[in-house]
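Architecture at a glance
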Amino acid sequence: MATAKQMKLAAYFNPTGHHVASWRHPRAQIDAHVNIAHYAEIAQTAERAKFDLLFLADSDGVRDAHMDALCRSVQFIAGFEPFTLLSSLAMVTEKIGLVCTASTSWNEPYRLARNFASLDIISGGRAAWNVVTSNNDRAAQNFSLAKAYGHGDRYDRAAEVVEIVKGLWDSWDDDAFVRDTRSGLYFDPGKVHELNHESDRYRVRGPLNVPRSPQGQPVLVQAGASEAGRNLAASIGEVVFSPHLTIEAAKEYYDDVRARAAGFGRNPDHIAILPGLSAIVRPTGEEADEDFEFLQSLIHPVVGREIVASMLKADLTGCDLDEELPDLDSAGAGSVGHFESIMKMARDERLTLRELGQRVAGARGKNTIKGTPAQVADYMEEWVSAGACDGFTVMPPYIPGALDDFCEMVIPELQRRGAFRTDYEGSTLRDHLGIPKPKSRYAG
């Protein structure tokens, strides 16, 4: 199967992998969440494979979960703070993009602007900000709040924070720092700008005390699935992660976000939409099936139920594991997209909570495939050829083993077909993605 264009690939790293039982797999790094050598190794592996970017999720505290599940899964606990970790990985990589999650709900825009501009300079133009809103009351309580902001308020706040941060990133013209030793002039005073943003939420004067970074502005990443989330993704996203499990759902989202982007006056071709894909790939289908079943057998049913509950934002502790899900309301769901996908699957297939936990908990609601390198490559090409995505967010079920398998078997197969690059086209993340450097609002 030939694709009309080369796909983009993001490597999404959870410490030991995306499968909820990954830490129990013998080919996973069991202490990954505190092992810097492990992160350096997997970052270099992804770079050798020519991934566009690596992505780290983050949480502002220990997950809100029942202790009987919390103590059985690395997914619920914390690891390295991502700015610190990515700054260190910038020193052991040269080309791959570095994507950091930071919430607009708790972080002040000036601090966000400074951190990401610094990471972009440190990495030579490879930084990106995964813009998220936070719906976890327990996290809110780490920031002097009793509860998380409501859904609409979260997205309004996010849009304003991004607007402020982008304004601060333009504080200095690209050529502001003349550093003229003869005249004694270090920067041109006509090329520095105050923002003077004022609203009911924020008052930010500026200028930012970091120069304009190599990309002009770090790349913006988003993953909105609700109505407000889709609008935010379409209005600001340059890379968009999506949670869809079928080509049909992914294509509807792809077409919708691109149409909304055009409505916002943006070029839809400057957005890379990358649905999640968790792949177990082995030389034969039988080996892939065996590895998948082994990994599934490691899921504790209590952990499976807790993952489903957290994704649906529902308390399922009183539910029988061998009964179907009760009727639930999406009003309190953290991710409307995840809620709708999971509930549809549960109803269509009449899954018990135990079965749903096994199905969803493994890749935590993301698309999962198992097979040979050719089968996985066929699947990926089918989605891209159908216009359902621009590539994938690859989510190895256990790390480093499954990442190594993907890089050693699937990447060469995609390259052989002309579906993925054989080398980087430039040095910045914008170069890899084919997204132009934005002009400063003060240019000209």
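Residues numbered from 1 in each chain as written. Predicted model: local features only at pLDDT ≥ 70, side-chain atom pairs only at ≥ 80, totals over all residues. Heavy atoms only, no water.

Digging into the pairing of strand E10 (residues 367-371)
Residues in a regular strand point their side chains to alternate faces of the sheet. Here E10 shows a buried face lined by Asn-367, Ile-369 and Gly-371 and an unburied face lined by Thr-368 and Lys-370. With five bridges connecting them, strand E9 (residues 272-281) and E10 associate as parallel partners. The residue bridging Val-281 from the neighbouring strand is Gly-371, located in E10. (Buried < 20%, exposed > 50% of the residue type's maximum accessible area, 1.4 Å probe, protein only. Helix = DSSP H or I, 4+ residues; strand = E, 2+ residues; numbered from the N terminus. Pairing = 2+ DSSP bridges.)

Points about helix H13 (residues 373-385)
Over its 13 residues, H13 extends 18 Å from the first C-alpha to the last, a length consistent with the 18 Å expected when each residue adds 1.5 Å. Listed in full, the buried residues belonging to H13 are Pro-373, Val-376, Ala-377, Met-380, Glu-381, Trp-383 and Val-384. Each buried residue of H13 sits inside an arc of 160 degrees when the element is viewed along its axis, so together they form one side. Where H13 is buried, its residues meet strand E1 (8-13), helix H8 (247-263), E9, E10, strand E11 (391-394) and helix H14 (401-416). Gly-387 sits one or two positions beyond H13 and adopts a positive phi of about 70 degrees. (Expected span 1.5 Å × (residues − 1). Arc of directions from axis to C-beta. Contact = heavy atoms within 4.5 Å.)

Some thoughts on the pattern of salt bridges
Following the criterion strictly, the structure yields 31 salt bridges and no others. Across the pair Lys-251 and Asp-255 runs a salt bridge, and its minimum N-O distance is 3.2 Å. In this pair, Lys-251 and Asp-255 are both assigned in helix H8, four residues apart and thus about one turn of the helix distant. Within the structure, one salt-bridge network assembled from shared partners comprises Asp-170, Asp-174, Arg-212, Lys-437 and Arg-441. (Salt bridge = Lys/Arg side-chain N within 4 Å of Asp/Glu carboxyl O.)

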